[in-house]
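Inside the fold
Here's the letter readout for the chains.
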Amino acid sequence: MPTTRQGLATRLIHTAEGAQPHAAPLTTPIYETTTFLFDSTADLQAYIDGSTGKYLYSRYDNPSTHALEAKLAEAEQAEAAMVFGSGMGAIASTMLGLLSAGDEVLCSAAIYGGTFHLLQSFLPRFGITARLLELDALRDPTAAIGPRTKLVWFESPINPTLRCLDIARLAGACRAASVRSVMDNTFATPYNQQPLTLGVDLVMHSVTKYLNGHSDVTAGAVMGARTLVDALLPARKLIGAMLDPAAASLVGRGLKTLEVRMERHNANALALARAFDGDRRLTRVLYPGLPSHPDHGIAAAQMRGFGGMVTIELPGGLEAAGRFFDRIEVFKRATSLGGVESLAGLPVLTSQYGWTDEQLARADVTPGMVRLSVGIETLEDLIADVDQALK
Ligand SMILES: *Cc1c(COP(=O)(O)O)cnc(C)c1O
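Residues numbered from 1 in each chain as written. Predicted model: local features only at pLDDT ≥ 70, side-chain atom pairs only at ≥ 80, totals over all residues. Heavy atoms only, no water.

**Overview of the overall build of the protein**
Counting its secondary structure elements, the protein contains 16 helices and 12 strands. In terms of overall dimensions, the protein is globule-like: its C-alpha atoms have a radius of gyration of 23 Å, near the 21 Å expected for 391 residues. C-alpha extents for the protein along the principal axes are approximately 85 × 50 × 35 Å. For the protein, the proportion of its 391 residues judged to be buried stands at 50%. Look at the contacts in the protein between residues 6 or more apart in sequence, and 72% of them connect residues 24 or more apart. Carbon and sulfur atoms make up 55% of the accessible area of the protein, which totals about 18,000 Å². Counting 34 positive and 40 negative side-chain charges, the protein places the averaged centre of each group 2 Å from the other. (Helix = DSSP H or I, 4+ residues; strand = E, 2+ residues; numbered from the N terminus. Rg over C-alpha atoms; globule rule 2.2 N^0.38 Å. Buried < 20%, exposed > 50% of the residue type's maximum accessible area, 1.4 Å probe, protein only. Contact = heavy atoms within 4.5 Å. Areas by Shrake-Rupley, 256 points an atom, 1.4 Å probe, with all protein chains shown as cover. Lys, Arg positive; Asp, Glu negative; His and termini not counted. Charge placed at Lys NZ, Arg CZ, Asp CG, Glu CD.)

Structure follows, in structure tokens:
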């Protein structure tokens, strides 16, 4: 400690910084710091040797992101979880963490657009290729697995048709062939379905959606066995796909209400789907919770609830869907999903934009579809809104 009085700038910068709080806060504080203090060379050496619970630098690890990882692991009954700055950060880090040039990924032809583009046009530049399978071929991928296949990547329910895959069957086939399985569980959430308990190796989430739940944070996560999750750490560090501590704190708050939000999302979506199932103004209502859905049996066997996503199809193509879209009021016209606010989207102008007629037909996506992310508002208001927009 210098005995002479320090300058104002020095005092304002250093006074109280790095002080260990003796308070015991109920909630996890936001560790808004890029770097962490060491007492001595020995202290730093201990960090390097991995023998202390200390932190070095927030791109690597931070107490706020660490606390969130503990909650996320809990959500999926996983040994470990890793957070990322976005769902795509999680997907890219998983692919780059687990794969090398020459490896092949099998995945469904109907898959999140970002995942599709990453596999189709980005990773091939680095020698990682993908083979896209029709839904029925992916149900048991055994025949499709080749000598270069290292990973099978899939979703269930799938956007926007909400088709479902038998998770245990798919995971079992991968395990038997010594191929890793990774499932994007964003649409279902761990409240409705826990793929790790069904034999999947890794679960991935766009935390941006239901896990945060309030449409104000972009984040991603991967959960699974410790050794497998740890294998993604170099990718997260070196790509820089880390989540910010303030964002981590918001997600941690969102997760506290995951159960109560999902109960309401499930109930509102099911009631809305039932209210319009068979409505003469619609050609189809797609919701895994309806007996009319082609995968209702699979969904009922593996899901606790059927989630908050409902897709309706209007006769009259994009013109009719567009009219509905322009008239809707409580539902907001916006892409994304999984927040407390109800949102409406037009798949052919968003997730399936630019697809050929043949690609659309194979994915069973039509211009008359409107995708609804059913929020947690009062049910009667949501039903009345869809009803008035159909008039
Ligand atoms: C949104 C989404 C992603 C991508 O997540 P971001 O947080 O936007 O990067 C991946 N998979 C699914 C199913 C999604 O809905």
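What follows continues from the structure just given.
**Notes on the side chain of Gln193**
Mapped onto the secondary structure, Gln193 falls in the loop between helix H8 (189-192) and strand S6 (202-206). Classification of Gln193 as buried rests on a relative accessible area of 1%. A polar contact is formed between the side chain of Gln193 and the backbone oxygen of Ser156, at a distance of 2.8 Å. Sequence-distant contacts of Gln193, defined by excluding residues within four places in its chain, comprise Glu76, Ser156, Ile167, Met183, Asn185, Ala188, Gln302 and Met303. (Polar contact = N/O pair within 3.5 Å; in protein donor to acceptor, adjacent residues only side chain to side chain.)

**So, the sheet that holds strand S5 (residues 180-184)**
Strand order in the open sheet made by the seven strands is S1-S7-S6-S5-S4-S2-S3, with mixed pairing throughout. Edge strands, defined here as strands with exactly one partner in the open sheet, are strand S1 (80-84) and strand S3 (129-133). Recorded for the sheet is a direction-independent mean angle of 20° between the axes of neighbouring strands. Pairing of S5 with S6 involves three bridges; the strand directions are parallel. Of the residues in S6, the one forming a bridge with Val182 is Leu202. Sitting on the sheet, helix H3 (residues 63-75) touches S1 and strand S7 (220-224), and the angle it makes with S1 is about 125°. Against the sheet, helix H7 (residues 167-176) makes contact with strand S4 (149-155) and S5, and its axis sits at roughly 175° relative to S4, the strand it touches most. (Pairing = 2+ DSSP bridges. Axes fitted to C-alpha atoms, helices over the stretch in contact; angles between N-to-C directions.)

**Digging into a nonpolar patch on the surface**
Judged by side-chain polarity, Leu318, Leu349 and Tyr353 come together as a nonpolar surface patch covering roughly 320 Å² of accessible area. Looking at where Leu318 falls in the secondary structure, it is placed in helix H14 (residues 317-327). (Patch = residues over 30% accessible without salt bridge, like charges linked within 9 Å, V, L, I, M, F, W, Y side chains within 5 Å. Salt bridge = Lys/Arg side-chain N within 4 Å of Asp/Glu carboxyl O.)

**Focus: the site of the ligand**
Taken together, 13 residues lie near the ligand, and Met88, Asp184, Ser206, Thr208 and Lys209 sit nearest. Contact between the ligand and Thr208: an oxygen atom at 2.6 Å from a side-chain N or O atom of the residue. For the ligand, the protein covers 90% of the area, taking 380 Å² as the surface of the free molecule. A per-class count over the shell around the ligand returns six nonpolar, five polar and two charged. (Near = heavy atom within 4 Å. Nonpolar A, V, L, I, M, F, W, Y, C, P; charged D, E, K, R; others polar.)

**Considerations on the environment of Pro315**
One can find Pro315 in the loop between strand S9 (309-313) and H14. Not counting chain neighbours up to four residues away, the residues in contact with Pro315 comprise Arg281, Leu282, Thr283 and Ala320.

**A closer look at the nonpolar core**
Membership of the largest hydrophobic core comes to 32 residues, with the highest contact counts inside it found for Ile312, Phe324, Val370, Leu372 and Val386. If you list the elements that add at least two residues to this core, you get helix H12 (258-276), S9, H14, strand S12 (369-373) and helix H16 (379-390). A total of five residues in this core trace back to one element, the largest contributor, which is H12. Excluding residues within four positions of it along the chain, Leu372 makes contact with Leu272, Gly308, Met309, Val310, Ile312, Phe324, Phe331, Leu343, Ala344 and Val386. In this structure, Leu72, Val83, Tyr191 and Leu211 belong to the second largest nonpolar core, which totals 28 residues. (Core = buried A, V, L, I, M, F, W, Y, C linked by side-chain atoms within 4.5 Å.)

**Things to note about the domain arrangement of the protein**
The assigned domain composition of the protein is domain 1 (41-255) and domain 2 (258-390). For domain 1 and domain 2, the distance between their C-alpha centres works out to 26 Å. On the domain 2 side, the residues contacting the 31 residues of domain 1 number 42 residues. Of the roughly 3,000 Å² buried between domain 1 and domain 2 on both sides combined, carbon and sulfur atoms contribute 57%. The largest contributions to the domain 1 side of the interface with domain 2 come from Tyr191, Asn192 and Tyr210, which together make up 27% of the buried area. Linking domain 1 with domain 2 are three salt bridges, by the criterion used here. Residue Arg362 is joined to Glu134 by a salt bridge in which the shortest nitrogen-to-oxygen separation is 2.9 Å. Between domain 1 and domain 2 we count 22 residue pairs in polar contact (both at pLDDT 80 or more) in total. Put simply, the parts of the chain that give the side of domain 1 that touches domain 2 at least two residues each are H8 and helix H11 (245-256). The leading source of residues in the side of domain 1 that touches domain 2 is H8, at four residues. Along the lines of polarity and charge, the residues of the side of domain 1 that touches domain 2 split into 15 nonpolar, 11 polar and five charged. (Domains from an automatic or database assignment. Buried area = accessible area lost by both parts, 1.4 Å probe.)

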